[in-house]
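# Summary of structural features
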Amino acid sequence: MSTTHYLEELEWVRRNLVEMGETTLALFDDAVGMISEPNSDRTAKASELEAKTDHQHRLIRDQCLNVITLRHRWRGTPGLLPGRSTQSSIWS
């Protein structure tokens with residue numbers, strides 16, 4: 001993996017973290033608004049935003065694991081974690 005590719009992957013993670021933060025702030029604004037003016041439209045929107053945030057979290061987590069794995073392969077480190085042999089499992 002080239003340095004450019006690695007930096008592009010990190011930039012993808014950064015952009016998605018910013019987007020997830022924006023979604024979380026919108027969800028928070030809706031939650032605060034529902035306290036003062038409860039209605040079903042706000043509840044439905046809040047549910048959609050919560051589902052979007054959950055999806056963004058999963059995408060970011062998966063991409064971070066990909067970047068970590070690619071980085072270690074690129075650096076020649078066997079296995080997922082530095083200092084571990086290829087026979088080792090991260091779960092053992």
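Residues numbered from 1 in each chain as written. Predicted model: local features only at pLDDT ≥ 70, side-chain atom pairs only at ≥ 80, totals over all residues. Heavy atoms only, no water.

### Focus on the overall build of the protein
A count of helices and strands for the protein gives two helices and zero strands. The buried share of the protein, taken over its 92 residues, is 18%. Long-range contacts, defined here as pairs at least 24 residues apart, represent 54% of the contacts in the protein between residues at least 6 apart. In the structure as shown, the protein presents an accessible area of about 6700 Å², 58% of it carried by carbon and sulfur atoms. (Helix = DSSP H or I, 4+ residues; strand = E, 2+ residues; numbered from the N terminus. Buried < 20%, exposed > 50% of the residue type's maximum accessible area, 1.4 Å probe, protein only. Contact = heavy atoms within 4.5 Å. Areas by Shrake-Rupley, 256 points an atom, 1.4 Å probe, with all protein chains shown as cover.)

### Structural notes on the pattern of salt bridges
Counted according to the given criterion, the structure contains four salt bridges. The partner of Glu 11 in a salt bridge is Arg 14, and the shortest N-O contact between them spans 2.7 Å. With Glu 11 and Arg 14 both in helix α1 (residues 3-36) and three residues apart, the pair spans about one turn of that helix. (Salt bridge = Lys/Arg side-chain N within 4 Å of Asp/Glu carboxyl O.)

### Describing α1
For α1, with 34 residues, the first-to-last C-alpha span of 50 Å sits near the 50 Å given by 1.5 Å per residue. Within the sequence span of α1, burial applies to Tyr 6, Glu 9, Val 13, Asn 16, Met 20, Thr 23, Asp 30 and Gly 33. (Expected span 1.5 Å × (residues − 1).)

### Structural notes on the confidence of the model for the protein
The pLDDT averaged across the protein works out to 79; a share of 77% of its residues lies at or above 70. Here residues 84-92 scores under 50 on pLDDT; set against residues more than four positions off or in separate chains, the count is eight contacts. (pLDDT = per-residue confidence, 0-100.)

### Description of the environment of Tyr 6
Structurally, Tyr 6 is set in helix α1. Judged by relative accessible area, which is 17%, Tyr 6 ranks as buried. For Tyr 6 and Ile 68, which are 62 residues apart along the polypeptide, the C-alpha to C-alpha distance reads 9.7 Å.

### A look at the environment of Leu 7
Mapped onto the fold, Leu 7 is located in helix α1. Relative accessible area serves as the criterion here: at 49%, Leu 7 is assigned to the partly exposed category. Distance from Leu 7 to Val 67, taken between C-alpha atoms, is 9.6 Å for residues 60 residues apart in sequence.

### Here we look at the side chain of Thr 53
Among the structural elements, Thr 53 can be located in helix α2 (residues 40-75). Those residues in contact with Thr 53, other than ones at most four positions away along the chain, are Met 20, Thr 23 and Thr 24.

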